[in-house]
Every structure is written in structure tokens, then in C-alpha cells.
Amino acid sequence: MNAVMSKARPGDMGFDVVHLNLHKTFTGPHGGGGPGSGPVGVKKDLIPYLPKPVLVKTDQGLTFDYNRPESIGRVKPFYGNFGINVRAYTYIRSMGPDGLKAVTEYAVLNANYMMRKLQPHFDLPYDRHCKHEFVLSGRRQKKLGVRTLDMAKRLLDFGYHPPTIYFPLNVEEGMMIEPTETESKETLDAFIDAMIQIAKEVEENPEIVQDAPHTTVIKRLDETQAARKPVLRYTKPE
């Protein structure tokens, strides 16, 4: 919803059921994939079939309604990830309609600004306006012997957590970049400059990218070995 919040309503588009993932758009933490929580909204005709119990308001206050004969039944845990839900609700109330609309506009503006700045230096598989994220391809750099993985590792030397790489799967050497609405123009420009420098290094000194990272405590890991033979507990070095 990051690119359409306060701009469009899924119900008007014809959706009958929508799950809103609260991470990022509604401030839920995104690290490690995020806590995975969010409300499910449905059209009026589907309300009788929702899981029970449903929280309802009566003259005596709020209570759980279990008397729903057409319900699909109880889903455990039906409270959901309560802390994340409260956090998102607090954010929505704090921002208000105007604030949420501004968030959407800045997210889309930042992504399009960054995309056009980086377009001359990388392949752009989808050359059109984007929403809140865009996809670059490292095909040009791959022809010079440098993979998208290498460039992601090199970004660590500039102090940036790399963007999602090799996704979407149908884009060769893909990089999915999502600058979000919270970054200033100065921060966006600094990231752009780092990406441009890496693109130039690929052409002029590819070894520095292929051997990255250089400034981190731990150098490049053997990812294949780590996936097949993970070390799951600390062992004190001899």
C-alpha cells in the first residue's frame, strides 16, 4: 500500500479480500522479513464468513461474539501480532489523512528520482514511472565479470545495507531498490553517488568490487558452505 495509501481503495478496484502487511508501510519492522502481521479486510457480503470470535460493541461495552453460524471457525492465534497492530494503529492516528497522503507522495517521488538518476549507469528493465520501488539490472556489469552480488557486497563499504538482489526472478542480475518516504534528498543523493562510483569501479577496477567488502569486520562469506553446513552455535577459537 506504500504507493497508493490515501490515493486509492482496493475495494473500488474490485478486490473482495485484502490483507495489509503492516511492515514498512505502517512502520512494522522490516528486518529479517518483518514480524508478518496485518488486518484482513473484506467486502460486506463476506463478513458472515469471517473467523470467530469477532469483537463487537454492545450497550455493555466491547465483547467477543461467538454466535456466528456461517463463520469458518476460530483461527489461532486470533489476536494476531497484537503489538505490531497497535503500533500501526498509533502511526495512522498520529499521521492523519494528510500525513498518510504525504507519505505516499514522497515514497513515489523518491523512488522515481533515484531510478532516473541511476538509469544511465545500469540497465533499467522497466523504463516507465515506478511506484515506491524500482528494479535495476546488473547485466551490463555482468558482461565485465562483476555480478550483482559483488556490487551488493561493495555497498557495505559505503555503509549501506544492500537492496534486495536477484528479485524479481524474471530480471537477470536484478536489484530491487526501495528508498522509502523517510529519506532526505541528501541521503538519496549519497546513495546514488555510491552506486555510480561502484558502476565506474566495475569498468575501471573490477577487482575492488569482486573482492568486496573491504571495511567490514567479517569479509565475504562462503554462502554455499553456510547454507549447506550452517554453524549454529558459537565455538571459541583455539
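These notes cover the structure that comes with them. (Residues numbered from 1 in each chain as written. Predicted model: local features only at pLDDT ≥ 70, side-chain atom pairs only at ≥ 80, totals over all residues. Heavy atoms only, no water.)

1. Structural notes on the sheet that holds strand β7 (residues 174-177)
With respect to topology, three strands assemble into an open sheet ordered β5-β7-β6, the strand pairing being antiparallel. Each edge of the open sheet is held by one strand with a lone partner, namely β5 (134-137) and β6 (164-165). Strand direction decides the pairing type here: β6 and β7, joined by two bridges, are antiparallel. Across the sheet, T164 pairs through a bridge with M176, a residue of β7. (Pairing = 2+ DSSP bridges. Helix = DSSP H or I, 4+ residues; strand = E, 2+ residues; numbered from the N terminus.)

2. Concerning the layout of surface pockets
Size it by volume and the second largest pocket reaches roughly 710 Å³. Forming the walls of the second largest pocket are 26 residues, and the residues nearest its centre are H161, P162, P163, T164 and E178. At four residues, the largest contribution of residues to the lining of the second largest pocket is made by helix α3 (residues 148-157). (1 Å grid on protein atoms, 1.4 Å probe; cavity = no way out; pocket = protein on both sides within 12 Å on 5 of 7 lines; lining within 4 Å. Points joined across faces, edges and corners; volume = space filled by probe spheres on them.)

3. A closer look at the pairing of strand β3 (residues 54-58)
Two elements, β3 and strand β4 (residues 61-65), share five bridges in a ladder whose sense is antiparallel. Paired with L55 across the two strands is F64, which belongs to β4.

4. Description of the packing of α3 against helix α4 (residues 185-204)
Contact pair α3 / α4: the axes reach a minimum separation of 10 Å and the direction vectors enclose 125°. The orientation of α3 relative to α4 falls into the category oblique. Between α3 and α4 the crossing geometry is right-handed. Of α4, the residues touching α3 (which contributes M151, R154 and L155) are F191, A194, M195, Q197, I198, E201 and V202. (Axes fitted to C-alpha atoms, helices over the stretch in contact; angles between N-to-C directions. Parallel < 35°, antiparallel > 145°, perpendicular 65-115°, else oblique. Left-handed = near helix turned anticlockwise from the far one by under 90°. Contact = heavy atoms within 4.5 Å.)

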